[in-house]
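Geometric and topological summary
The residues making up each chain are set out below.
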Amino acid sequence: MRTTLTLDDDLAAELNRTARLSGRSFKEVVNAVIRQGLSAGQHPPATDDRPFVVQPQSCGLLPGIDPLRLNQLLDQLEVEQFSVVQKTQGQPSS
């Protein structure tokens, strides 16, 4: 079948380079690339049937961070964020 196809410049250059290096015609290369692209979705790649397992690692907290005071830190951050929002909206903060 004869048809007109508009290719991006970089794609046409790559197809021409492939044709030149392989000694095949431009038409043969275009047909082969299209066939390869169409068949890629028909045959999903082989997968490993083993389930993925996460290997846990103890990371710990940085020095100076007290895990018993994390809620207090979160409260402080929320108050600071609320103050910033109030100031940008022009409302006085309490």
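Residues numbered from 1 in each chain as written. Predicted model: local features only at pLDDT ≥ 70, side-chain atom pairs only at ≥ 80, totals over all residues. Heavy atoms only, no water.

Regarding the overall build of the chain
- When helices and strands are counted, the chain shows 3 helices and 0 strands.
- Against the globule reference of 12 Å for 94 residues, the chain gives a C-alpha radius of gyration of 31 Å, more extended than a compact globule.
- Oriented by its inertia axes, the alpha-carbon framework of the chain measures out at about 75 × 45 × 25 Å.
- Sorting the 94 residues of the chain into buried and exposed places 6% on the buried side.
- Surface summary for the chain: the accessible area is close to 9200 Å², and the carbon and sulfur share equals 56%. (Helix = DSSP H or I, 4+ residues; strand = E, 2+ residues; numbered from the N terminus. Rg over C-alpha atoms; globule rule 2.2 N^0.38 Å. Buried < 20%, exposed > 50% of the residue type's maximum accessible area, 1.4 Å probe, protein only. Areas by Shrake-Rupley, 256 points an atom, 1.4 Å probe, with all protein chains shown as cover.)

Some details on helix α3 (residues 70-88)
- Taking 1.5 Å as the rise per residue, α3 with 19 residues should run 27 Å; its terminal C-alpha atoms sit 27 Å apart, in good agreement.
- Of the residues trailing α3, Gly90 is marked for its positive phi of about 80°. (Expected span 1.5 Å × (residues − 1).)

Topic: a nonpolar patch on the surface
- Taken together, the side chains of Leu61, Leu62, Ile65, Leu70, Leu73 and Leu77 present a nonpolar region at the surface, about 550 Å² in accessible area.
- Here Leu77 lies in helix α3. (Patch = residues over 30% accessible without salt bridge, like charges linked within 9 Å, V, L, I, M, F, W, Y side chains within 5 Å. Salt bridge = Lys/Arg side-chain N within 4 Å of Asp/Glu carboxyl O.)

With respect to the environment of Phe26
- Among the structural elements, Phe26 can be located in helix α2 (residues 26-40).
- On the basis of relative accessible area, Phe26 is assigned to the partly exposed category, the value being 33%.
- Placed 10 residues apart in sequence, Phe26 and Asn16 show a C-alpha to C-alpha distance of 6.3 Å.

Focus: the confidence of the model for the chain
- For the chain, the average pLDDT comes to 87, and 93% of its residues sit at 70 or higher.
- Within the chain, the element-level pLDDT minimum falls on α3, averaging 90, and the maximum on helix α1 (residues 9-22), averaging 95. (pLDDT = per-residue confidence, 0-100.)

Structural notes on the pattern of salt bridges
- The tally for this structure, following the rule as stated, stands at 1 salt bridge.
- We note a salt bridge from Glu14 to Arg17, for which the minimum N-O separation is 2.8 Å. You can see Glu14 and its partner Arg17 sitting in helix α1, 3 residues apart, about one turn around the helix.

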